[in-house]
Amino acid sequence: MHPNLVKWNKILFTLAAALVLLSFYTWNDSVRRAERFERGQKLLPNLNPDEIAEIQVAKGEESAHLRRTDDGFVVVNADGYPAANEAVNRLLRDLLDLSLEKEVGRDQELRQELGLVPGEGEAVEVVLKDRAGKEMVRFVLGKAFEGGSGNYVERTDDEGSEIYLTSERVYLSTAAADFVKKDILDVPESKIAAIRGKDFEISRQDGVLTLAGVPAGKKEIPAKMSQLKGILTGLRFTAHHLADAPEVAGLIFTDRLEVQLEDGSGYHLAVADKGEKHFLKIAGYPPAEQVEVALDASEEEVRETSEVLVRADEINEFNDFHGSWVYEVSDFVANKIKLKKADLLQDA
C-alpha cells in the first residue's frame with residue numbers, strides 16, 4: 001500500500017474516533033442538562049393518565065385502592081364499589097399538577113426528618129400501575145414546609161432519588177370512603193307523579209303535588225311537604241354494606257315509601273334502624289303498561305314504545321346493582337321516609 005494512503009487512513013481513523021468521542025460527550029452533556037433541576041418542573045412530567053389502571057394511596061393505616069374497569073374505577077378495598085369519577089379525576093389532576101420548588105437532598109436521615117418514610121406519621125405513599133400490573137410510579141409525600149408552602153416529596157421508584165420541595169401544599173385523599181360514589185339517585189320533583197306512604201298519598205293536582213284527604217281545619221306544612229317532594233333529589237348514602245354483610249343482618253325494614261314518576265316507573269324505599277344508624281334499601285319498578293309495536297304503528301308510537309323499553313332496561317340495571325347493597329343514610333334522609341300524614345299537617 002502506498003505510504004501516503006496509509007497516512008491518510010490513519011488521519012481518517014483518528015478523525016472518526018474524535019467524532020465518536022465528541023458525539024458521546026455531546027450526548028452525555030445533553031442528558032446531564034436534561035437532568036438538571038429547573039424550578040417549576042413537574043414531578044411526573046411524562047405521566048399519561050389513560051395508561052393508569054391501578055392507583056394505591058396510603059397514609060398510616062388508612063388507604064384507598066382503585067382499579068380501572070370497563071365502566072370506570074372501582075374502590076377495591078370498599079367491596080369493589082364504584083368510585084366517583086370526580087374524586088378520581090381530582091386525584092389524577094393533583095398528581096399531574098405536582099410541580100417542584102427546589103432540591104433538598106438525598107440523605108437517609110433527612111428522609112426520616114422530613115416524614116418521607118412510608119407507613120410512618122403523615123407520610124402519604126402513592127403507587128400507580130398500568131394494565132399489566134407493572135409499576136409506573138411510586139413516590140412519598142412528606143411533611144409540609146415550616147414557614148411556607150409546599151411539601152417534601154421523593155420518587156422512590158428510582159435508586160438514589162432526590163428529595164424535593166413542592167411549589168404548593170399538597171392535599172391527597174387517602175381513605176377508601178373518599179372515593180366511593182355516594183350518589184344513588186337525582187330525580188327532580190318535576191318528574192314525580194305521586195308519593196305514597198303508610199297512611200297518605202300525594203298526587204299531582206293542576207301541576208302541583210298535593211296531599212290527598214286533608215281534613216277540615218287542617219292544611220299542609222310547606223317545609224315538610226317540600227322535604228318529601230325532594231326525596232329523590234340528590235339522594236346519597238353515608239356508608240354502604242353488601243346485602244349479606246353481618247352489619248345488616250336481621251334488619252327489619254318497617255318504614256316504606258313509594259315514589260311514582262310521570263312515565264309510570266318508580267322506586268320503593270324502605271328504612272330500618274339499628275342503634276343510632278339508619279339503613280336504606282331501594283328498588284325500582286318499570287312502567288306498568290305492556291307495550292307492543294303494531295306493524296302499522298306511527299313514528300310517534302314507535303318512539304314512545306322505545307322509551308318505555310329503554311326505561312324498563314334502566315330499572316332492571318338499577319335493581320341488578322342496588323339489590324346487592326344496603327346503605328347507611330343520614331337522619332335527614334331517614335326521617336323523610338318515616339313521615340306520616342299527621343307529620344304533614346298543621347292547623348289551618
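Residues numbered from 1 in each chain as written. Predicted model: local features only at pLDDT ≥ 70, side-chain atom pairs only at ≥ 80, totals over all residues. Heavy atoms only, no water.

Chemist: Would you take a moment to explain the overall build of the protein chain for this structure?
Modeler: For the protein chain, the count of helices and strands is 6 helices and 21 strands. A burial count over the protein chain gives 37% of its 348 residues as buried. A fraction of 63% describes how many contacts in the protein chain between residues 6 or more apart in sequence connect residues 24 or more apart. As displayed, the protein chain offers around 20700 Å² of accessible surface, 49% of which is attributable to carbon and sulfur atoms. (Helix = DSSP H or I, 4+ residues; strand = E, 2+ residues; numbered from the N terminus. Buried < 20%, exposed > 50% of the residue type's maximum accessible area, 1.4 Å probe, protein only. Contact = heavy atoms within 4.5 Å. Areas by Shrake-Rupley, 256 points an atom, 1.4 Å probe, with all protein chains shown as cover.)

Chemist: Any chance you could explain the sheet that holds strand E12 (residues 201-205) here in plain terms?
Modeler: In space, the 8 strands of this open sheet follow the order E13-E12-E11-E17-E18-E19-E20-E16, with antiparallel pairing throughout. Edge positions in the sheet fall to strand E13 (208-211) and strand E16 (239-242), since each has one partner strand and no second. Within the sheet, the average angular offset between the axes of one strand and its neighbour, ignoring direction, is 25°. Judged from the 6 bridges that link them, strand E17 (residues 255-261) and strand E18 (residues 266-274) form a sheet pairing that is antiparallel. Its bridge partner lying in E18, valine 259 is registered against tyrosine 267. (Pairing = 2+ DSSP bridges. Axes fitted to C-alpha atoms, helices over the stretch in contact; angles between N-to-C directions.)

Chemist: I keep staring at helix H4 (residues 222-229) and nothing clicks. Help me out?
Modeler: Structural remark: α-helix, 3.6 residues per turn; residues separated by three or four positions point the same way. Those residues of H4 not exposed but buried are Met225, Leu228 and Lys229. When H4 is viewed along its axis, its buried side chains cluster within an angular range of 100° and face the same direction. Looking at the buried side of H4, the elements it contacts are strand E11 (192-196), E12, E13, strand E14 (218-220), E17 and helix H6 (331-337). (Arc of directions from axis to C-beta.)

Chemist: What is the right way to read the packing of aromatic side chains from this model?
Modeler: Aromatic ring pairs are defined here through the distance separating the ring centres and the angle between the ring planes. The tally for this structure, following the rule as stated, stands at 9 aromatic pairs. Between tyrosine 81 and phenylalanine 237, the aromatic rings sit 5.5 Å apart at their centres with planes inclined by 80°, giving edge-to-face as the arrangement. Of this pair, tyrosine 81 sits in strand E4 (residues 81-82) while phenylalanine 237 sits in the loop between strand E15 (235-236) and E16, placing them 156 residues apart in sequence. The class of tyrosine 81 is buried, set by a relative accessible area of 2%. Since its relative accessible area comes to 3%, phenylalanine 237 is described here as buried. With a centroid separation of 6.4 Å and an interplanar angle of 90°, the aromatic rings of phenylalanine 145 and tyrosine 152 are classed as edge-to-face. For tyrosine 152, a relative accessible area of 12% puts it in the buried group. An aromatic cluster is defined as three or more aromatic residues linked by ring pairs; in this entry it consists of Tyr81, Phe237, Phe321, Trp325 and Tyr327. Over the face of the ring belonging to phenylalanine 145 we find lysine 102, whose NZ or CZ atom lies 5.7 Å from the ring centre. Directly above the aromatic system of phenylalanine 253 lies the positively charged group of lysine 281, at a separation of 5.3 Å from the ring centroid. (Phe/Tyr/Trp six-rings, centres within 6.5 Å; stacked < 30°, edge-to-face > 60°. Lys NZ or Arg CZ within 6 Å of the ring centre and 35° of its normal.)

Chemist: Explanation requested: the environment of lysine 59 in the structure shown.
Modeler: With respect to the helices, strands and loops of the structure, lysine 59 is situated in strand E1 (residues 54-59). Considered as a pair, lysine 59 and valine 124 are 65 residues apart in the sequence and their alpha carbons are 4.7 Å apart. Those residues within four positions of lysine 59 in sequence are excluded, and the remaining contacts are Gly121, Glu122, Ala123, Val124 and Thr174.

Chemist: I tried to follow the pairing of strand E3 (residues 72-75) on my own but got confused; where do I start?
Modeler: Successive side chains on a regular strand alternate, one facing one side of the sheet and the next facing the other. Sheet topology places strand E2 (residues 62-69) next to E3; 4 bridges connect them, and they run antiparallel. When the sheet's bridge partners are listed, arginine 68 is paired in E3 with phenylalanine 73. Between E2 and E3, which pair antiparallel and follow one another directly, the connecting turn spans 2 residues. Pairing between E3 and E4: 2 bridges, direction antiparallel. Its bridge partner being in E4, valine 75 is matched across the sheet by tyrosine 81. In this antiparallel pair of consecutive strands, E3 and E4, the connection spans 5 residues, and aspartate 79 shows a positive phi of 60°.

Chemist: Help me out: how do you make sense of the side chain of glutamate 154 in this one?
Modeler: As for its placement among the helices and strands, glutamate 154 is situated in strand E8 (residues 151-155). Not counting residues within four places of it along the chain, the set of residues in contact with glutamate 154 comprises Arg111, Leu116, Arg138, Phe139, Val140, Ser161, Glu162 and Ile163.

Chemist: Even after reading the chapter, I still don't get the sheet that holds strand E7 (residues 135-144), so can you show me in this structure?
Modeler: Across a sheet, paired strands are connected by hydrogen bonds in the backbone, their directions being either parallel or antiparallel. On the basis of which strands lie adjacent, the open sheet formed by 9 strands has the order E4-E3-E2-E1-E6-E7-E8-E9-E5 and antiparallel pairing. In this open sheet, the two strands that pair with only one neighbour each are E4 and strand E5 (100-105). Two strands pair when backbone bridges link them, and E5 and strand E9 (residues 163-166) are joined in this way by 4 bridges, in the antiparallel orientation. Note that in E9 the partner of glycine 105 across the bridge is isoleucine 163.

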